[in-house]
Amino acid sequence: MSQHPHDQISAVGAIVGARCPRCGKTPLFKGLLTFADSCPSCKLDYKFLDTGDGPAVFAIMILGAVVLGGALWFEFRFNPPVWQHVVLWGVVTPLLAIALLRLLKSGLAVLQYKNRAEEGRLAKD
Ligand SMILES: [Zn+2]
């Protein structure tokens, strides 16, 4: 697989740092979970990035297991009152969800770029 001459960052580096998949110099996101329009450094247009529901599905499955396991451990280890569960998991769950969604969204977008994933076609246009 030939690489673009501006490819200067590994997939793992771009995913973990949420950086441009081509040059790695600028952030991939312009907000918390919104992709930027393009890379100001290498001019890569991000319009082709489409992660769909993938990050949300993985986040729901991973976070569901982690939070449920944590809540069960917390309950049986400390036997806290219910309000402590509500406060703890009410704060921890959204923070973990945002962090995990950023990582997964960045991961799928970078892998889409690195593997040149696109819709299948029967013939070249
Ligand atoms: Zn770039």
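Refer to the structure presented above.
Novice: What should I look at first to understand the side chain of Lys 114 in this one?
Specialist: Mapping Lys 114 onto the fold places it in helix α3 (residues 82-114). Looking at Lys 114, its side chain comes within polar contact range of the main-chain oxygen of Ile 9, at 2.7 Å. Side-chain polar atoms of Lys 114 contact the backbone oxygen of Pro 21, separated by 3.1 Å.

Novice: How should the pattern of salt bridges be read in this particular structure?
Specialist: Side chains that differ in charge, positive against negative, can pair when their charged atoms come close. The final tally for this structure, using the stated rule, is two salt bridges. The residue Asp 37 makes a salt bridge to Lys 30 at a minimum N-O spacing of 3.6 Å. For Asp 37, a relative accessible area of 54% puts it in the exposed group.

Criteria and cut-off values
- Residues numbered from 1 in each chain as written.
- Predicted model: local features only at pLDDT ≥ 70, side-chain atom pairs only at ≥ 80, totals over all residues.
- Heavy atoms only, no water.
- Helix = DSSP H or I, 4+ residues; strand = E, 2+ residues; numbered from the N terminus.
- Polar contact = N/O pair within 3.5 Å; in protein donor to acceptor, adjacent residues only side chain to side chain.
- Salt bridge = Lys/Arg side-chain N within 4 Å of Asp/Glu carboxyl O.
- Buried < 20%, exposed > 50% of the residue type's maximum accessible area, 1.4 Å probe, protein only.

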